[in-house]
Amino acid sequence: MLIPLVLSGGSGTRLWPVSRKNLPKQFLSLMGQGTLFQQTVARTRLLPDVASPIVVASEDHRFLVAEQLLESGIQDATIVLEPLPRNTAPAIALGALQAVGQDPEALLLVLPADHLIGDEDSFRDAVEQALPAARDNWLVTFGIRPDRPETGFGYIRRGDAIGGHAYKVAEFVEKPALETAQGYIEHGGYDWNSGMFLFKAARFLDELAAHAPAMLQAVRAAHASAKADLDFVRVDADAFAQVPENSIDYAVMEKTRHAAVIPVSCAWSDIGSWSALWLAGVRDAQDNLREGDTIAIKTHRSLLRSHDRHLLATVGVDDLIVVTTPDATLVAHRDAAQDVKRVVDELKAAGRTEHSLHRVVRRPWGSYDSLESADRFQVKRIVVKPGAALSLQKHHHRAEHWIVVSGTAEVTCDDKVFLLGENQSTYIPLGSVHRLRNPGKVPLEIIEVQSGSYLGEDDIVRLEDVYGRS
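Residues numbered from 1 in each chain as written. Predicted model: local features only at pLDDT ≥ 70, side-chain atom pairs only at ≥ 80, totals over all residues. Heavy atoms only, no water.

### Quick look at the overall build of the chain
No. 1: When its secondary structure is counted, the chain shows 11 helices and 30 strands.
No. 2: The C-alpha atoms of the chain give a radius of gyration of 24 Å, which matches the 23 Å a tight globule of 470 residues would have.
No. 3: Projected onto the principal axes, the alpha-carbon positions of the chain cover approximately 75 × 60 × 40 Å.
No. 4: Per-residue burial over the chain gives 52% buried out of 470 residues.
No. 5: Pairs at least 24 residues apart make up 68% of the contacts formed inside the chain by residues separated by at least 6 positions.
No. 6: When the accessible surface of the chain is totalled, it reaches about 21200 Å², and 48% of it is carbon and sulfur.
No. 7: Of the side chains in the chain, 49 bear a positive and 62 a negative charge, and the two mean positions are spaced by 1 Å. (Helix = DSSP H or I, 4+ residues; strand = E, 2+ residues; numbered from the N terminus. Rg over C-alpha atoms; globule rule 2.2 N^0.38 Å. Buried < 20%, exposed > 50% of the residue type's maximum accessible area, 1.4 Å probe, protein only. Contact = heavy atoms within 4.5 Å. Areas by Shrake-Rupley, 256 points an atom, 1.4 Å probe, with all protein chains shown as cover. Lys, Arg positive; Asp, Glu negative; His and termini not counted. Charge placed at Lys NZ, Arg CZ, Asp CG, Glu CD.)

Written as structure tokens, this is what we have:
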């Protein structure tokens, strides 16, 4: 059985302000149809005799994963929740343990959720070429044939052929200087390290036992104490906190004698920065990658991305990245794209929320958009999906006014339950136990005006919640 293992724990800080902690790049539509996560899952469905995927994701993103799988028509995926990040080796170990529980002989195709592959036929061919070596107990990685000297990737030096299209890995090389990278291109025997793998799940666990036994023991303990929660496999947080943090490369691939590589050219990109997205995209005659409502006059070799209907205009500039969102704008030189992470670091240090939350925040029941806020009031636009409901809750520091814009609202306020239609409103006093539900078949849209001494999201006491949130 071939089981895709999709790793979806990345934060994508270098694509700020579009990618943020609560909505990282794998869940964004950056190029092509669907999000990067959905494209990754859809790519696996093209493979022959493939099973439903296992997804290892952050607990914070569980509803994003479930919703995007549902949108993709996949209802039988296994979603394993990491309570905290521990890098790729423990995440893959969780997936491998889950896979051997389904099939002791399972082959695991490990794919990061945030990569772009333009040539899916070549990718599928590479996976099929890797199957014989994986069945023969090799840990196969996919090396991307480089088309330029790149200092942002690690490299793999190919060794002797081991049959078919596979080669033994002679050496893993860290990110090189530009001159060294140019030498790798001229040598011809080096490939980019893609972070994609194919191997027997049980074989990977054996190698982990040999090279990182403490990690495997801790992951086994955490997985053994995992519990089913709605559609998720929730790993015990205290047990997983004991797992050593490490990547698969350092923990296993650089130590094993059974590492193999399949070279492949498949228009691959890890979309690790805005400049990488510019490089991968379809650019206009002036070499600009433009999305949204943009005007570019005397502008060249730039990435321009405008939010919604917000007009973005540039005049007389070259080699820039300009990205707008409702609450933040990024302007950077294309050569400095890797430094965008420093903006995120400064936002964190200053205690600001723009590094983690968009103005529009998605919830399992719908979304809310913070339209306006001041010292003692806040205005939100709330959209509730048909049939969905917010938790039964109360607040210690704020009261709320609700105005129905469209749809029908079922309101619970203390001991009263009543319906509101368009243009009707109600008042939720401070401390009242309340709930908002959409009993209709179309989205419910309301305007919420909050007033009080404290308006933070942590002033929510949930009494009942169908989504299992504490």
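### So, the pattern of salt bridges
No. 1: This structure, assessed with the given rule, holds 27 salt bridges.
No. 2: D318 is the salt-bridge partner of R301, the closest N and O atoms lying 3.9 Å from each other. In this pair, R301 sits in the loop between β15 (294–297) and β16 (303–305) while D318 sits in the loop between β17 (312–315) and β18 (320–324), placing the two residues 17 residues apart along the sequence.
No. 3: Among the salt bridges present, the one from K341 reaches D345, with a minimum N-O distance of 3.6 Å. Within this pair, K341 and its partner D345 are both found in helix α11 (residues 340–349), separated by 4 residues, close to a single helical turn.
No. 4: Given a relative accessible area of 30%, K341 falls into the partly exposed group.
No. 5: We classify D345 as partly exposed; its relative accessible area is 33%. (Salt bridge = Lys/Arg side-chain N within 4 Å of Asp/Glu carboxyl O.)

### Some details on the nonpolar core
No. 1: Core analysis: the largest hydrophobic core is formed by 57 residues, its most contacted members being F37, L69, W274 and L436.
No. 2: In terms of residues, this core owes the most to one element, helix α2 (residues 62–71), which gives 4 residues.
No. 3: In contact with F37, not counting residues within four places along its chain, are V6, S8, Q26, F27, V55, V65, Q68, L69 and A113. (Core = buried A, V, L, I, M, F, W, Y, C linked by side-chain atoms within 4.5 Å.)

### Comments concerning the pairing of strand β7 (residues 155–163)
No. 1: Bridge count between β7 and strand β8 (residues 166–173): 6 bridges; the pairing is antiparallel. In the sheet register, Y155 faces β8, and the bridge partner there is V173.
No. 2: Where β7 folds back onto β8 in an antiparallel hairpin, the turn is made up of 2 residues, including G164, whose phi is positive at roughly 65°. (Pairing = 2+ DSSP bridges.)

### Quick word on the UniProt feature "domain: Mannose-6-phosphate isomerase type II C-terminal" (unreviewed entry) in the chain
No. 1: As annotated by UniProt and renumbered to match this structure, "domain: Mannose-6-phosphate isomerase type II C-terminal" (unreviewed entry) occupies residues 351–465.
No. 2: Secondary structure within residues 351–465 divides into 0% helix and 55% strand; the distance between the first and last C-alpha atoms comes to 29 Å. (UniProt positions renumbered as here; feature names shortened; annotations may be inferred.)

### Side note on unusual backbone geometry
No. 1: P17 follows W16 through a cis peptide bond whose omega is 10°.
No. 2: For P17, the location among the structural elements is in the loop between β1 (2–8) and α1 (36–44).
No. 3: In the Ramachandran plot, N137 falls in the positive-phi region, its phi being about 75° despite a non-glycine side chain.
No. 4: Within the secondary structure, N137 sits in the loop between α4 (120–135) and β6 (139–144).
No. 5: On the basis of relative accessible area, N137 is assigned to the partly exposed category, the value being 30%.

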